[in-house]
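# Geometric and topological summary
Here are the chains, one letter per residue:
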Amino acid sequence: MNFIKVDSYDKLSEMAAEIIADVIKGKENPVLGLATGSSPLGTYARLVEKYEKGELDFSSCTSVNLDEYVGLDGENDQSYRYFMNKNLFSKINIDMNKTFVPNGCASDLSSEGEAYDKMIEDLGGIDIQLLGIGLDGHIGFNEPEDFFTKETHLVKLDESTIEANSRFFASKDDVPKQAITMGMYSIMQAKKVLLIANGKAKKEIIEKAFFGKITPWVPASILQLHSDVTVIYSEN
Ligand code: F6R
């Protein structure tokens, strides 16, 4: 594992964007695994800058996002599809038909999960998976449990996740209680994993996840078994 500590969110974002840019430049049809939340906002802004400067071309990229809230469609401004369109896809030259986010409104979420995994497999897997980390150690929405789940699946969000994510909603009651998330298989099969985290509040979970025991009670700890993981952490 490559653990990099930097002293600002700006540096973290620049470094993360560089790593993703290198993958895009180095591969003919790159498959980007993407995340939402606060952590990647700076990274996406840097990628957009690189695109605007003519340094990056997203036309051959496909993207697959980690997760989506159950019951929110892409028009809903709290959905992760909306987040991705607003913060990245609408600002770069990626083909919208090649951007995938799990469908949280699918009538059969278990078939949706199976189809999502098959689609990733058919794409040849993920070239780089960008991740944030929850205060409880979740990656995607793989919450602490007594087992790791392999497939893309339906999850009940933890109270701490609902609390943390309520900052984006009018009230805590508005936060969906369930989500559909990529499971550990597609994440662990990604050729490269890049996890970014910032803020003092994440310090303890970062230590547990990357320097503690590998346990499904700290889902991100499974990444210690991946052969190409970069973690960028800024306390600020
Ligand atoms: C989002 C996701 C989550 C977030 C995590 C951290 O797609 O998969 O695992 O990465 O909840 O969120 P932030 O970055 O808002 O602290």
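### Regarding the overall build of the chain
If you tally the helices and strands in the chain, you get seven helices and ten strands. Relative to a compact globule of 236 residues, whose C-alpha radius of gyration would be 18 Å, the chain shows 16 Å and is just as compact. Each of the three principal axes of the chain carries a C-alpha extent, and together these read 45 × 40 × 35 Å. Sequence-distant contacts in the chain: of pairs separated by 6 or more residues, those separated by 24 or more amount to 78%. As presented, the chain carries roughly 10,700 Å² of accessible surface, and 49% of it is formed by carbon and sulfur atoms. The centroid of the 24 positive side-chain charges in the chain is displaced by 6 Å from the centroid of its 37 negative side-chain charges.

### Side note on the layout of surface pockets
Considered as a void within the structure, the largest pocket measures approximately 740 Å³ in volume. Along the wall of the largest pocket there are 36 residues; nearest its centre are G37, S38, N165, R167 and F168. Per element, the largest residue contribution to the lining of the largest pocket is five residues, and it comes from helix α3 (residues 80-87). Tallied by class, residues from the lining of the largest pocket come to 15 nonpolar, 15 polar and six charged.

### Overview of the pattern of salt bridges
Counted under the stated rule, the structure contains 14 salt bridges. In this structure, E159 and K172 form a salt bridge, with 2.9 Å as the shortest nitrogen-oxygen distance. Separated by 13 residues along the polypeptide, E159 in helix α5 (residues 159-165) and K172 in the loop between α5 and β8 (178-181) bring together distant segments of the chain. Between D228 and K192 there is a salt bridge, with the nearest N and O atoms lying 3.3 Å from each other. Note that D228 is positioned in the loop between α7 (203-211) and β10 (229-234) and K192 in strand β9 (residues 192-198), a separation of 36 residues in sequence. For K192, a relative accessible area of 26% translates into the label partly exposed. One network of salt bridges, with partners in common, ties together D10, E14, E18, R46 and K50.

### Brief notes about the site of the ligand
S39, D67, H138, G140 and K202 are the nearest of the 14 residues found near the ligand. Here an oxygen atom of the ligand sits 3.5 Å away from a polar atom, N or O, in the main chain of G132. In this structure, an oxygen atom belonging to the ligand sits 2.7 Å away from a main-chain N or O atom of G140. Relative to its unbound accessible area of 410 Å², the ligand is 94% covered by the protein chains. Because more than half of its atoms lie within 2 Å of the grid, the ligand is assigned to the largest pocket. Considering only residue class, the shell around the ligand consists of three nonpolar, eight polar and three charged.

### What about the packing of helix α2 (residues 41-52) against α3?
Two elements in contact, α2 and α3, have axes whose closest approach is 10 Å; the angle formed by their N-to-C orientations is 40 degrees. Taken together, α2 and α3 sit at an angle that is classed as oblique. Here L41, Y44 and V48 of α2 lie close against α3, whose contacting residues are F83, M84 and N87. Counted by class, the contact of α2 with α3 contains five nonpolar, one polar and no charged residues.

### Topic: the nonpolar core
One finds I139, L195 and L223 to be the most contacted residues of the largest nonpolar core, which totals 29 residues. Every element with two or more residues in this core is listed here: α4 (109-122), α6 (184-189), β9, α7 and β10. Ranked by residue count, the leading element in this core is α7, at four residues. Leave out the neighbours within four places in its chain, and L195 touches L131, G132, I133, I139, I206, F210, L223, T230, V231 and I232. Counting 28 residues, the second-largest nonpolar core is a separate cluster that includes I19, Y44, L47 and L194.

The rules behind the values
Residues numbered from 1 in each chain as written. Predicted model: local features only at pLDDT ≥ 70, side-chain atom pairs only at ≥ 80, totals over all residues. Heavy atoms only, no water. Helix = DSSP H or I, 4+ residues; strand = E, 2+ residues; numbered from the N terminus. Rg over C-alpha atoms; globule rule 2.2 N^0.38 Å. Contact = heavy atoms within 4.5 Å. Areas by Shrake-Rupley, 256 points an atom, 1.4 Å probe, with all protein chains shown as cover. Lys, Arg positive; Asp, Glu negative; His and termini not counted. Charge placed at Lys NZ, Arg CZ, Asp CG, Glu CD. 1 Å grid on protein atoms, 1.4 Å probe; cavity = no way out; pocket = protein on both sides within 12 Å on 5 of 7 lines; lining within 4 Å. Points joined across faces, edges and corners; volume = space filled by probe spheres on them. Nonpolar A, V, L, I, M, F, W, Y, C, P; charged D, E, K, R; others polar. Salt bridge = Lys/Arg side-chain N within 4 Å of Asp/Glu carboxyl O. Buried < 20%, exposed > 50% of the residue type's maximum accessible area, 1.4 Å probe, protein only. Near = heavy atom within 4 Å. Polar contact = N/O pair within 3.5 Å; in protein donor to acceptor, adjacent residues only side chain to side chain. Sits in = over half its atoms within 2 Å of the grid points. Axes fitted to C-alpha atoms, helices over the stretch in contact; angles between N-to-C directions. Parallel < 35°, antiparallel > 145°, perpendicular 65-115°, else oblique. Core = buried A, V, L, I, M, F, W, Y, C linked by side-chain atoms within 4.5 Å.

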